[in-house]
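Notes for the structure review
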Amino acid sequence: MFYVAIVGKPNVGKSSLFNRILKSQDAITSDRAGTTRDIKKREVKIEERKEIILIDTGGLEDRDELFNKVKNKALQIATDADLILFMVDGQKFPDDEEISYFRKLLKLNKKLWLVINKIDNDKLNEMVYEYYQLGAKKIFPISVTHNRGITKLLNAISTLVPDNVVENFTESDDFSLEEFLEKEEIQNQGEENKEIKVSIIGKVNVGKSSLLNALVGEERSIVSDVDGTTIDPIDENVIYNDKIITFVDTAGIRRKSKIQDIEKYALMRTEKNLQESDIALLVIDAKNGIAELDERIAGLIDKYQTGAIIVMNKWDENKESYKKFVDEIRLRFKFLYYAPVIAVSAKTGRNIEKLKKMILEVYTNYSQRIPTSQLNDIIKDATIRHYLPTDKSKPVKILYAVQYKTNPPTIALIMNRTHLHFSYRRYLINYLRDKFDFIGSPIILAVRKRGEKFDTISEENNMKI
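Residues numbered from 1 in each chain as written. Predicted model: local features only at pLDDT ≥ 70, side-chain atom pairs only at ≥ 80, totals over all residues. Heavy atoms only, no water.

Across the interface, helix α11 (residues 372-385) lies against helix α12 (residues 422-435) with an axial gap of 10 Å and an inter-helix angle of 125°. Here α12 runs oblique to α11, going by the angle between their axes. Pair α11 / α12 crosses with right-handed handedness. Residues L375, I378, I379, D381, A382, T383 and R385 of α11 form the contact with α12, whose participating residues are Y424, Y427, L428, Y431, L432 and K435. (Axes fitted to C-alpha atoms, helices over the stretch in contact; angles between N-to-C directions. Helix = DSSP H or I, 4+ residues; strand = E, 2+ residues; numbered from the N terminus. Parallel < 35°, antiparallel > 145°, perpendicular 65-115°, else oblique. Left-handed = near helix turned anticlockwise from the far one by under 90°. Contact = heavy atoms within 4.5 Å.)

If a residue is not glycine, its phi is most likely negative; likewise, a peptide bond is most likely trans. The residue after N407, namely P408, is reached through a cis peptide bond having omega 5°. Assignment of secondary structure puts P408 in the loop between β13 (398-405) and β14 (410-415). At N351, a position not held by glycine, the phi torsion is positive, near 65°. As for its placement among the helices and strands, N351 is situated in the loop between β12 (341-343) and α10 (352-366). Under the relative-accessibility criterion, N351 is labelled partly exposed at 27%. (Buried < 20%, exposed > 50% of the residue type's maximum accessible area, 1.4 Å probe, protein only.)

Let us look at the packing of helix α6 (residues 208-216) against α10. Where α6 meets α10, the axes come as close as 10 Å, and the angle between the chain directions of the two elements is 85°. In terms of their interaxial angle, α6 and α10 are classed as roughly perpendicular. Two secondary-structure elements touch here, α6 through L211, A214 and L215 and α10 through I352, L355 and K356. Within the contact of α6 with α10, the residues separate by chemical class into 5 nonpolar, no polar and 1 charged. (Nonpolar A, V, L, I, M, F, W, Y, C, P; charged D, E, K, R; others polar.)

Attention now moves to the environment of P408. Overall, P408 belongs to the buried group, its relative accessible area being 6%. Sequence spacing of P408 and I279 is 129 residues, and the spatial spacing of their C-alpha atoms is 9.9 Å. If near-sequence neighbours (up to four positions away) are discounted, P408 is found in contact with Q305, Y366, P442 and I444.

Inspection of every chain in the model, using the stated rule, returns 9 aromatic pairs. Measuring from centroid to centroid gives 6.0 Å for W315 and Y322, while their planes differ by 80°, and the two rings are edge-to-face. With relative accessibility at 10%, the residue W315 sits in the buried group. (Phe/Tyr/Trp six-rings, centres within 6.5 Å; stacked < 30°, edge-to-face > 60°.)

Remember that side chains alternate between the two faces of the sheet whenever the strand is regular. Most of strand β5 (residues 111-117) sits out of view: 6 of its 7 residues are buried. Here strand β4 (residues 83-89) runs beside β5; their pairing, made up of 7 bridges, is parallel. Across the sheet, the residue bridging to M87 is V115, located in β5. The parallel pair β4 and β5, bridged by helix α3 (residues 96-106), forms a crossover whose chirality is right-handed. Taken together, the 4 bridges between β5 and strand β6 (residues 138-141) define a ladder with parallel strand orientation. What sits directly across from L114, in β6, is I139. (Pairing = 2+ DSSP bridges. Right-handed = clockwise from strand over helix to strand, strands pointing away.)

By themselves, these are just geometric observations and shouldn't be taken as functional.
Put into structure tokens, the structure is as follows:
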């Protein structure tokens, strides 16, 4: 795959160009310098049979420890790219710092193009001549806001991109390229989707970015002691035991009264990612303990019906006993009683491998389907052990049951009456949990009348436990 990195100083329009090429509002943008801190990678088709990996980077700026990390990460990405788009603000004169960064990138002997943004009209073209001093071989005046020059830029990129070829996965002892292609072929023939999307959620500064880096085995996400370092959701794919796992490091969540400007967009992105995820890793700071906000964040998992794992991070700095901490978790997160708990240290790597295995186990449970005959035998046995309560003295019967959805497991109970008491629903779900391994997964029971279509089952007749 052909990699194109967009680099430049803060607030020159890198994320806006990224979004324009993607034709979607993927990266969060604002007038505040330094909004983008981590990198964002997306696969984009720029022409038939021609695709690129487009990379949005943080701003090149020497300001403090956090921005130095952002700058170093951006320069590292540029080093690995096939084409570097160095972006500048065409309504300002080039400064010494900008010239220094550009000349530093020239020494990489990579294809390096100068993209001059904010040339919103022909009069501003005069500013382009000011940037000739940088020594760029190719210069593209554009206006992301007015969509000027974007097509010309994409056409030029297209001339460098070869027709689609197979991605060069690195072979290892655990998983070879040949095995991957074989699995891909089987999947394309109609087997279940093997990609697992995992969102990492939690308060600010609980170690989500450090956990992502530990899970993928590289410094993919910028880590800093500054609260709210991660703004854009950062995703990274790894291949583990035949499965493709997409980890998404989301922005840290604050109390509503503390959320500021662009953080509200970050919260919306976090919820959107949860909506599309299979599993959520709820990260708790084991050093500082559980707060009320942790409980509210956990409520998002319940809202979006994902699989769940509660991760006690910074366990190397914890002073409480494991049992005491887990007991508090079970007390505070009663609605996530089905979620397994694991103590890890992203810093030392403790239990990271065990967490990966747990993710696969939870996904297996979250995506499992119970054969209809077996399901009906279990439901029948449950109703014999405890009779269904009547509805206003009228008998209530479960005629049959069928699981009509997975991710999460959703079971329809076809009944003569749609009234089923809350306590009996809970009993049935707990009975199912006794018979099948649903650790880490919610189970949804949907009550309906005979002849009612599955997609018309009303929310009030659904129950998730």
